[in-house]
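Here's the letter readout for the chains.
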Amino acid sequence: MYFQKYVSKPAFILLLLFSFSISEPVVGQIQSSNPGSWTETDTWTGGVVPGINDAVLKDVEITNDSVVIPQGVTIQINNLTIGGGGKLVVNGNLVVHQNILMENKSVGYSMGSSAAVIVYGNFEIKNQVVISLSSFLVIYGDLTKDGSSNQGDVTIKNGNIYVLGNVDGNGWPDDFGCTSGDYSGNTPTESENCDYGNEQDFEDNQEDFPDDLVDLINCYDLSSISATPACPGGTSTLLLDNSELNNVTFEWQVKNGESWSVIGSTSSVTVSGIEDFTKEYRVVVRPVGESTCRISISRNVTIARSEGTIWTGTAGSDWNNPANWSCNSLPTLSDDVLIPAGPANYPVVTSGANALAKNITIETNAQITVIDNWLRASGELIGSGTLNAESGGVSFEGTTPQIIPEGVFANDLVRDIEIDNPAGVNSQATLFISNSLRVITGSFDTGNALTLLSNNSGTAYIDGSSNGSITGTVKMQRYLPSGFGYKYFSSPFSTSVVGDFSPYMDLVHPTNGFPHFFSYNENREDGAGEDISGWKAYTDATAPLFPGTGYAANISDTYDPVTVEITGEVNKGNISLNLENNNGTYTKGFNLVGNPYPSPIDWNLVNKTGIDDAVYFFTAGTEDRYTGTYTSYINGVSNDGRSTNVIASMQGFFVRVSDPGTPGRLDFTDAARVGYSSSSIFYQSNKKDLNSQLILTAGFKDEEIQDALVLYRFPGATNNFEKEFDAQKLLNTSVEVPSFYTTTPAGEKLSINAIAGFTSEALKEIPLGLNALKSGEISLDLKEVPATLFASHLYLKDEKEKIFWDLSKGAYSFTTQKGEYNERFSLVLSPVKLNTKDLDSAFKTFELSTSSGDIIIQTRLDDGVEGDLQLISYSGQVLQQKKTSGKKEIRFEGLQTGIYLVTLRSKDGEETRKILIQQ
């Protein structure tokens with residue numbers, strides 16, 4: 001509503017009563033036909049309402065009827081004629097660009113208390129009329145009247161009347177004239193001698209006009225007045241952007257106290273040395289020569305204080321160089337920042353401190369680039385320019401809701417986003433994040449258009465280390481360098497289904513019907529209740545992918561890279577799994593689980609109850625898409641040299657429930673989530689330092705892939721399996737890769753084996769096992785050994801071939817048949833280099849010596865192995881016979897001088913030795 005600050009003033013009334021003959025009427029382009037509101041179409045001939053959105057201003061004639069301009073409506077016309085019994089009531093605003101002519105014989109014109117009438121031309125009254133006025137009446141031209149002097153009467157109260165031209169009352173009262181110069185443009189009482197303001201009064205009182213009336217009153221359009229922001233002590237340009245201002249003079253003014261001083265007379269002026277940012281400025285425009293538009297006065301403006309928030313780029317592209325900002329100071333989180341189009345350099349945020357800003361406006365063709373640093377904003381991102389954060393991060397840190405607008409990021413890509421706003425952040429953009437998303441406080445609404453990217457450089461993740469939340473769906477990618485064969489997956493979302501994999505693979509083989517997507521049941525049995533493999537086809541596209549559960553997907557029969565993408569609502573908070581060990585023939589307590597979060601997790605921070613500490617990963621083979629190899633990790637050690645405690649997002653893996661019949665439990669929490677991206681290699685994060693590991697490998701000749709077992713030194717370790725230190729061996733299913741492991745006294749196979757160290761004994765033997773799915777030549781090799789932690793000399797013992805191989809000479813090769821070999825090989829560790837005699841004795845099951853007619857036998861059987869000893873004369877007669885086991889000393893006593901034979905028989909075979917007794 002217009003003029004609200006003046007509504008409380010009493011209205012003024014100007015009554016002019018004159019009797020005069022009717023002149024010839026001015027014929028208007030539009031003539032009234034029915035009484036009513038100015039805005040009603042049936043009030044006007046032809047149903048065309050004048051003065052509202054007219055491209056060309058119209059002449060208007062009102063005769064006989066009454067027309068009302070409603071409050072809040074502004075009408076602009078060319079000429080106005082009121083004739084006959086016509087009447088106009090103005091409650092809104094009326095701007096007449098030419099003249100008003102009144103020819104009616106009754107009350108033909110009145111104004112409401114919050115109305116304004118501006119006449120750029122003349123106001124002419126020709127006959128007996130009654131005029132009732134309220135609020136503002138401004139006449140740039142002349143106010144004239146024809147008629148007798150005794151037909152006029154004037155009463156003005158609290159009026160705002162300005163006549164900038166001449167007043168010809170033709171006998172109006174003498175007090176209707178401003179000869180004394182005392183009138184200020186508004187008449188507070190009836191006793192005022194001066195009844196209207198002149199041009200000087202109009203200029204002096206302009207700043208008291210209502211704000212929304214200033215531009216309307218002016219006959220010259222001065223609405224474009226502006227002042228450029230300035231730094232303290234700097235300069236500002238005051239200007240008008242109006243090319244239609246011709247043949248006029250300009251008078252720029254500044255207000256000092258209650259008076260105005262002239263500071264310039266051109267179309268724009270520059271003010272320098274600015275310290276007072278409260279000062280008001282305006283411009284007065286007058287015509288050169290005769291014109292009804294005698295004066296226009298702009299609204300008052302102040303110069304905005306620039307706080308170093310306008311980018312200039314005069315000193316280069318470094319955001320953190322103060323010389324690149326308009327006031328030689330860097331913006332803060334409280335400063336609005338403008339990146340205009342056109343500077344020689346655009347800002348780059350790279351080295352140094354984070355870039356700070358409140359609202360950031362980037363004009364068209366302008367840009368900000370963030371490289372290995374952060375742009376932190378507490379307000380909005382505005383404009384159609386570009387924010388390039390493909391190699392950097394953007395943090396939203398407001399206290400009121402923030403929006404990420406569509407298209408703000410170059411290529412819709414950003415490396416890192418951080419949300420630290422308790423009021424929340426909404427994304428209206430299509431977003432691709434290449435590294436990380438972290439919501440510290442508040443909520444981040446993805447707008448269902450956020451993708452976590454994955455490629456051969458890494459996989460983006462959602463950092464779970466903070467308390468914020470994410471709403472809306474998210475897409476997460478997982479890049480696979482090769483789509484060939486099985487991959488173990490898990491879902492980071494609570495609403496994803498098996499069908500999410502359909503675009504990237506056949507859930508069922510298209511020709512033979514073999515399923516390619518499996519779940520795993522540790523207690524799986526056939527119809528007769530017999531143990532069978534834990535793998536179960538899981539190919540219903542609508543079947544859910546349960547958080548924390550692992551699945552096997554046979555992606556492809558080609559080696560081309562594949563990027564899998566699944567969608568859902570982000571998992572967060574505690575996720576628990578109850579697992580079993582039913583001592584199945586094939587499953588042996590192993591359960592297939594998975595990382596339930598869209599971020600890597602630290603296995604060491606996952607709560608485990610009744611679960612071995614080891615984790616087991618699968619890698620598809622290179623020749624058969626249905627087979628592959630297993631690797632393991634425990635206690636900082638991996639048998640592939642790559643896996644660590646960090647498990648990638650979307651990664652499935654095996655764990656083992658420790659004890660048959662006793663349930664186990666995994667509890668995943670946000671505390672296990674880590675804040676860095678996983679590697680592009682699916683089942684591992686980064687390479688492990690191998691200096692504390694002894695690694696032996698087994699592989700077929702001409703095959704690149706080998707299987708590895710690891711020995712590492714750990715105080716307190718024993719020869720038995722210990723779930724905190726050792727990893728079981730999951731046998732490889734690839735025909736091309738043998739399975740290699742150590743064995744315990746209980747016959748358990750270990751891929752990672754902790755050993756306590758050495759005693760004073762000369763040798764330490766560690767049994768080795770080998771399982772080959774085909775016949776061929778195999779090489780056993782020593783890959784890594786830290787000499788300071790293990791024996792200085794390492795030997796491979798082959799019981800079958802009776803070979804004792806010094807591993808410092810290189811790999812040991814042999815040919816074998818398909819099968820499992822658990823008693824053929826052992827690793828011998830010695831603190832000293834062994835001589836030929838030592839090597840020969842390494843394969844003897846007993847040693848012989850004599851003492852005073854006795855033969856002393858030192859047996860060297862494995863622990864628990866029993867044997868039969870016989871003493872035989874040289875002629876073949878059995879003289880004595882005794883039982884033995886393991887490592888014992890046995891004596892044959894009371895013998896005469898002569899040559900004797902000693903035979904030891906055990907499950908490992910028979911060995912006979914000859915010895916001479918001399919008295």
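Position numbers for residues start from 1 in each chain and track the written sequence from start to end. For this predicted model, a pLDDT threshold of at least 70 governs which residues receive local features, and a threshold of 80 or more governs which side-chain atom pairs are given and counted, while totals over whole chains, interfaces and linings are taken from all residues. Side-chain numbers here rest on the full set of heavy atoms in the structure, without hydrogens or water.

Here's the deal with the overall build of the protein chain
Stage number 1. Segments assigned H or I by DSSP are reported as helices when at least four residues long, segments assigned E as strands when at least two residues long, and all are numbered from the N terminus. Each helix and strand in the protein chain was counted, giving three helices and 76 strands.
Stage number 2. The buried label applies to any residue whose accessible area, calculated with a 1.4 Å probe on protein chains only, is under 20% of its type's maximum; exposed applies above 50%, and partly exposed to all values in between. The 919 residues of the protein chain split such that 52% are buried.
Stage number 3. By sequence separation, contacts in the protein chain at least 24 residues apart represent 61% of the contacts at least 6 residues apart.
Stage number 4. When the accessible surface of the protein chain is split by element, carbon and sulfur atoms take 46% of a total near 39200 Å². Note on contacts: a residue pair qualifies if any of its non-hydrogen atoms lie within 4.5 Å across the two residues. Accessibility throughout is a Shrake-Rupley quantity obtained with a 1.4 Å probe, and a residue counts as covered only by protein chains that appear here.

So, the state of the cysteines
Stage number 1. Working definition: a disulfide is two cysteine sulfur atoms within 2.5 Å of each other. Under the defined criterion, the tally for this structure stands at two disulfides.
Stage number 2. Across the disulfide from Cys-219 sits Cys-293; the S-S distance is 1.7 Å. Between Cys-219 and Cys-293 the sulfur-sulfur dihedral comes to about 90°; the bridge is accordingly right-handed. Of this pair, Cys-219 sits in the loop between α2 (211-217) and β19 (226-227) while Cys-293 sits in the loop between β24 (281-287) and β25 (296-297), and the two are 74 residues apart along the sequence.
Stage number 3. For Cys-231, the disulfide goes to Cys-327, at an S-S distance of 1.8 Å. Taking the sign of the S-S torsion, about -105° here, the bridge from Cys-231 to Cys-327 comes out left-handed. Residue Cys-231 is found in the loop between β19 and β20 (236-239), and its partner Cys-327 is found in the loop between β25 and β26 (337-339); the two are separated by 96 residues along the sequence.
Stage number 4. On the basis of relative accessibility, which here comes to 17%, the residue Cys-231 falls in the buried class.

Points about the nonpolar core
Stage number 1. Nonpolar cores were defined as sets of buried Ala, Val, Leu, Ile, Met, Phe, Trp, Tyr and Cys residues, with membership established by side-chain atoms within 4.5 Å. By size, the foremost hydrophobic cluster in this structure holds 58 residues, and its most contacted members are Ile-368, Leu-387, Ile-404, Phe-409, Ile-417, Phe-444 and Phe-517.
Stage number 2. Membership of the second largest hydrophobic core comes to 41 residues, among which are Ala-116, Leu-216, Leu-240 and Trp-252.

Quick notes on the pattern of salt bridges
Stage number 1. Each salt bridge in this description consists of a side-chain nitrogen of Lys or Arg and a carboxyl oxygen of Asp or Glu lying within 4 Å of one another. In the structure shown here, the tally under the stated rule is 33 salt bridges.
Stage number 2. Put simply, Lys-58 and Asp-54 hold a salt bridge, and the shortest N to O gap is 3.0 Å.
Stage number 3. With a closest N to O distance of 3.9 Å, Arg-891 and Glu-889 form a salt bridge.
Stage number 4. For Arg-891, a relative accessible area of 30% puts it in the partly exposed group.
Stage number 5. Residue classification places Glu-889 among the partly exposed residues on the basis of a relative accessible area of 48%.
Stage number 6. Via salt bridges that share partners, Glu-765, Lys-797, Glu-799 and Lys-802 belong to a single interconnected network.

Section: the packing of aromatic side chains
Stage number 1. Note on aromatic pairs: the rings of Phe, Tyr and Trp (six-membered ring only in Trp) are paired at centre separations within 6.5 Å, and the planes decide the class, stacked below 30 degrees, edge-to-face beyond 60, tilted for the rest. Scanning all chains against the criterion turns up 38 aromatic pairs.
Stage number 2. Seen in terms of ring centroids, Phe-517 and Tyr-551 are 5.9 Å apart; in terms of plane orientation they differ by 25°. Their pairing is stacked. Note that Phe-517 is positioned in strand β45 (residues 517-520) and Tyr-551 in strand β47 (residues 551-554), a separation of 34 residues in sequence.
Stage number 3. Given a relative accessible area of 0%, Phe-517 falls into the buried group.
Stage number 4. Overall, Tyr-551 belongs to the buried group, its relative accessible area being 2%.
Stage number 5. Measuring from ring centre to ring centre gives 6.2 Å for Phe-617 and Phe-653, while their planes differ by 55°; the resulting arrangement is tilted. In this pair, Phe-617 sits in strand β53 (residues 615-620) while Phe-653 sits in strand β57 (residues 652-656), placing the two residues 36 residues apart along the sequence.
Stage number 6. A relative accessible area of 0% means that Phe-653 is categorised as buried.

Here's the deal with the layout of surface pockets
Stage number 1. Think of a 1 Å grid over just the protein atoms. A cavity is a set of points where a 1.4 Å probe fits yet cannot get out, a pocket is an open set with protein on both sides within 12 Å along at least five of seven lines, and lining residues have an atom within 4 Å of a point. Grid points are joined across faces, edges and corners, and a volume is the space filled by probe spheres set on the points. If you add up the space inside the largest pocket, you get close to 1500 Å³.
Stage number 2. Along its surface, the largest pocket is lined by 42 residues, and Glu-765, Pro-767, Asp-862, Asp-863 and Lys-887 are the ones closest to its centre.
Stage number 3. Only β63 (749-755), β64 (764-772), β69 (819-830), β75 (898-906) and β76 (909-917) provide two or more residues apiece to the lining of the largest pocket.
Stage number 4. In the lining of the largest pocket, the residues fall into 13 nonpolar, eleven polar and 18 charged. Each residue is assigned to one of three groups, with Ala, Val, Leu, Ile, Met, Phe, Trp, Tyr, Cys and Pro labelled nonpolar, Asp, Glu, Lys and Arg labelled charged, and all others, Gly among them, labelled polar.

Considerations on the sheet that holds strand β31 (residues 381-382)
Stage number 1. What the three strands build is an open sheet, ordered β26-β29-β31; its pairing is parallel. Two strands close off the open sheet at either side, each with one partner strand: β26 and β31.
Stage number 2. Looking at chain direction, β26 and strand β29 (residues 360-362) are connected through three bridges and run parallel. Residue pairing in the sheet places Ile-339 in a bridge with Ile-362 of β29. Pairing between strands is defined by DSSP: at least two bridges between the two strands are required.

Here's the deal with a nonpolar patch on the surface
Stage number 1. Patch definition: residues with relative accessible area over 30% and no salt bridge; like charges joined within 9 Å; nonpolar side chains (Val, Leu, Ile, Met, Phe, Trp, Tyr) joined within 5 Å. A surface patch of nonpolar side chains, amounting to about 310 Å² of accessible area, comprises Tyr-874, Ile-899 and Leu-916.
Stage number 2. Within the fold, Leu-916 resides in strand β76.
Stage number 3. Accessibility expressed as a relative area gives 46% for Leu-916, which makes it partly exposed.

A closer look at unusual backbone geometry
Stage number 1. You will see that Lys-588, though not glycine, has its phi angle at about 55°, which is positive.
Stage number 2. Of note, Lys-588 is situated in the loop between β49 (575-579) and β50 (590-594).
Stage number 3. Take Lys-588: its relative accessible area is 48%, and that puts it in the partly exposed class.
Stage number 4. Of note, the phi angle at Asp-702 is positive, near 70°, even though the residue is not glycine.

Regarding the side chain of Asn-732
Stage number 1. Looking at the secondary structure, you find Asn-732 in the loop between β61 (727-728) and β62 (739-743).
Stage number 2. We classify Asn-732 as buried; its relative accessible area is 5%.
Stage number 3. A polar side-chain atom of Asn-732 sits 2.9 Å from the main-chain amide nitrogen of Tyr-630.
Stage number 4. Contacts of Asn-732, omitting those with residues within four sequence positions, involve Gly-628, Thr-629, Tyr-630, Asp-707, Val-737, Pro-738, Ser-739 and Leu-773. Polar contact is the term for a pair of N or O atoms within 3.5 Å; when the atoms are in protein, one must be able to donate a hydrogen and the other to accept it, and sequence-neighboring residues count only if both atoms are side-chain atoms.

A word on the sheet that holds strand β58 (residues 664-668)
Stage number 1. On the basis of which strands lie adjacent, the open sheet formed by three strands has the order β49-β58-β52 and antiparallel pairing. In this open sheet, the two strands that pair with only one neighbour each are β49 and β52 (607-609). Adjacent strand axes in the sheet meet at a mean angle of 10°, parallel and antiparallel pairs treated alike.
Stage number 2. Where β52 lies against β58, three bridges are found, and the strand directions are antiparallel. In the sheet register, Thr-609 faces β58, and the bridge partner there is Arg-665. The convention used is that axes are lines fitted to C-alpha atoms, helices contributing only their stretch in contact, and that angles between N-to-C directions extend from 0 to 180 degrees.

What about the environment of Tyr-741?
Stage number 1. By secondary structure assignment, the location of Tyr-741 is in strand β62.
Stage number 2. When the C-alpha positions of Tyr-741 and Leu-730 are compared, they lie 9.6 Å apart, and in sequence the two are eleven residues distant.
Stage number 3. Non-local contacts of Tyr-741, meaning those with residues more than four positions away in its chain, are made with Leu-709, Lys-729, Leu-731, Lys-749, Leu-750, Pro-767, Leu-768, Gly-769, Leu-770, Asn-771, Glu-820 and Asn-822.
Stage number 4. A polar side-chain atom of Tyr-741 sits 2.6 Å from a polar atom in the side chain of Asn-822.

A few points about the side chain of Asn-554
Stage number 1. Mapping Asn-554 onto the fold places it in strand β47.
Stage number 2. Look at Asn-554 and you get buried, because its relative accessible area is 0%.
Stage number 3. Polar contacts involving the side chain of Asn-554 include one to the side chain of Arg-625, which spans 2.9 Å.
Stage number 4. Excluding residues that lie within four positions of it along the chain, Asn-554 makes contacts with Gly-485, Tyr-486, Met-505, His-516, Arg-625 and Tyr-626.

Details of the environment of Ser-427
Stage number 1. Note on placement: Ser-427 falls in strand β35 (residues 425-427).
Stage number 2. Residue classification places Ser-427 among the buried positions, given a relative accessible area of 9%.
Stage number 3. With 21 residues separating them along the chain, Ser-427 and Glu-406 place their C-alpha atoms 7.9 Å apart.
Stage number 4. Of the polar contacts made by the side chain of Ser-427, one reaches the backbone nitrogen of Ala-429; its length is 3.3 Å.

Overview of the pairing of strand β71 (residues 854-859)
Stage number 1. With respect to burial, β71 is a largely interior element, five of its six residues being buried.
Stage number 2. Bridge analysis of strand β70 (residues 846-851) against β71 gives six bridges, and the strand direction is antiparallel. Residue pairing for β71: Ser-851 is matched across the bridge by Asp-854.
Stage number 3. Once β70 ends, the chain turns through two residues before running back antiparallel as β71, passing Ser-852 with a positive phi of about 55°.

Things to note about the confidence of the model for the protein chain
Stage number 1. The quantity called pLDDT is the predictor's confidence in a given residue, expressed from 0 to 100. Residue-level pLDDT values for the protein chain average 86, and 86% of them are 70 or greater.
Stage number 2. Contacts from residues 1-28, a stretch scored under 50 in pLDDT, to residues over four places away or in other chains number 103 contacts.
Stage number 3. Per-residue pLDDT stays below 50 along residues 172-194; that stretch engages in 56 contacts with residues further than four places along the chain or on separate chains.

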